Amino acid sequence: MICKDVHKKYDLFQNDQLSKHEMESMEQHISACADCKWLIDEVNKTMDIANNKELLSVDPFMFTRVQQQIINESTKTVRLWGKFLQPIAASVVIIIGLTIGIGLGSKFYNDSLKSSSESREEINTFSSEEVYFEAIDYSSSLEAFLLAEE
Amino acid sequence: MSEQELISRIKQGNQQAFKQIVDDYQSMVLNTCFQFVNDRDDAKDLAQDVFVEMYNSIYSFRGDAKVSTWLYRISVNKSLNFIKKHKRKFLIDDLESFFSNKSEETYNADKNMEDHERAKHLYAAIHSLSKNQRIAFSLHKIDGISYTEIAEIMNVSVSSVESLIHRAKVNLKKKLFNFYKKNVD
Ligand SMILES: [Zn+2]
């Protein structure tokens, strides 16, 4: 076996998929070849790093930091509310208000037009009647006056 | 006090109960994030984010779930998002280590330096695994976590977890072998 064979068969080798004979000749080459030995050792040493990974020690201020972040984020939301959302909300309220206002206004305007013309008619009717009655009264009283004069 | 009691107290705004959860799970959360991002400071910041998210989403926490599974899931998601966001940074590290030839300096360096280099190569290799292999392998390397727990966190069967971890190991060795082979050639 030569280095190239080791390179080619490394996958099967590490996966225990070589025949007993191939396995033996591969191990023989590796123990005799410095380059191949270095390669395989290096892979194993690197894989060992994952097994011997140090544990990070806890931070005694973690809870305080978490609490602070929660407060910061909620004030940020409030600030965001103040900076962007509040003016937007205010404009929306104004627009809605204007729309409702215009809608109601035109309704009231129409209504009041209708009602004012109605009442004008009423007034006219009433006043004409009044005038009429007054006129009658007047004429009758004038008549009475004239008659009384006579 | 049981975990469920602690959770319902947090829902009522009890800070002492929240502190208890942070204290109990800090090591687990911190080291889970570290396993994924491989940087102390980033892991610390992420752990902080994990607990903030836990607090903010406490009302969506189902009573029948385990707090640890929930926190693992948040930790993995936060870490993966972090990696995605900082992909450029990782890619640059990756390329640097790929193109840097083994100089005399490295040969003469002490064991710590060699291990530091190896850790970088390992991390780059883990990073190039498929997402599920990466998650399964990284969780598997966390102290004390069982295949059943990994299956719960990833929402897959235990046999899938076994297969993912096995394939991850095989692929990692293959990637590292090819990487080191280039340095020998
Ligand atoms: Zn050889």
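Thresholds, definitions, all that
Residues numbered from 1 in each chain as written. Chains lettered and ligands numbered in written order. Predicted model: local features only at pLDDT ≥ 70, side-chain atom pairs only at ≥ 80, totals over all residues. Heavy atoms only, no water. Contact = heavy atoms within 4.5 Å. Buried area = accessible area lost by both parts, 1.4 Å probe. Salt bridge = Lys/Arg side-chain N within 4 Å of Asp/Glu carboxyl O. Donors = N, O, S within 2.8 Å, 3.2 Å for Na, K, Ca; no water. Tetrahedral: all angles 85-135°; square planar, octahedral: opposite > 155°, others 65-115°. Buried < 20%, exposed > 50% of the residue type's maximum accessible area, 1.4 Å probe, protein only. Helix = DSSP H or I, 4+ residues; strand = E, 2+ residues; numbered from the N terminus.

Draft legend 1. Main features of the interface of chain A and chain B. At the junction of the two partners, chain A supplies 34 residues and chain B supplies 41 residues. Here chain A meets chain B over a buried area of about 3800 Å², counting both sides, of which 67% is carbon and sulfur. For the chain A face of the interface with chain B, the top three residues by lost area are Met47(A), Leu56(A) and Phe63(A), together amounting to 18%. Applying the counting criterion to the chain A and chain B interface returns four salt bridges.

Draft legend 2. Quick look at the coordination of the zinc ion. All names here are of chain A. Around the zinc ion, the donor atoms from the protein are Cys3 (SG), His29 (NE2), Cys33 (SG) and Cys36 (SG), and they sit 2.1 to 2.3 Å away. Coordination at the zinc ion is tetrahedral: its four donor atoms span angles of 101 to 116 degrees at the metal. In primary-sequence terms, the residues that donate to the zinc ion follow C-x25-H-x3-C-x2-C. Accessibility classification places Cys33 together with Cys36 in one group, the buried group.

Draft legend 3. Representation of unusual backbone geometry within the structure. In this model, Asp16(A) sits at a positive phi of 55 degrees, which is unusual for a non-glycine residue. Within the fold, Asp16(A) resides in the loop between α1 (3-14) and α2 (20-32). Here Asp16(A) falls in the exposed class, since its relative accessible area comes to 61%. Its identity is not glycine, yet Asn38(B) carries a phi of approximately 60 degrees, on the positive side. A residue is classified by how much of its surface remains accessible, and Asn38(B), at 27% relative accessible area, is partly exposed.

All quantities given are derived from atomic positions and should not be read as evidence of function.
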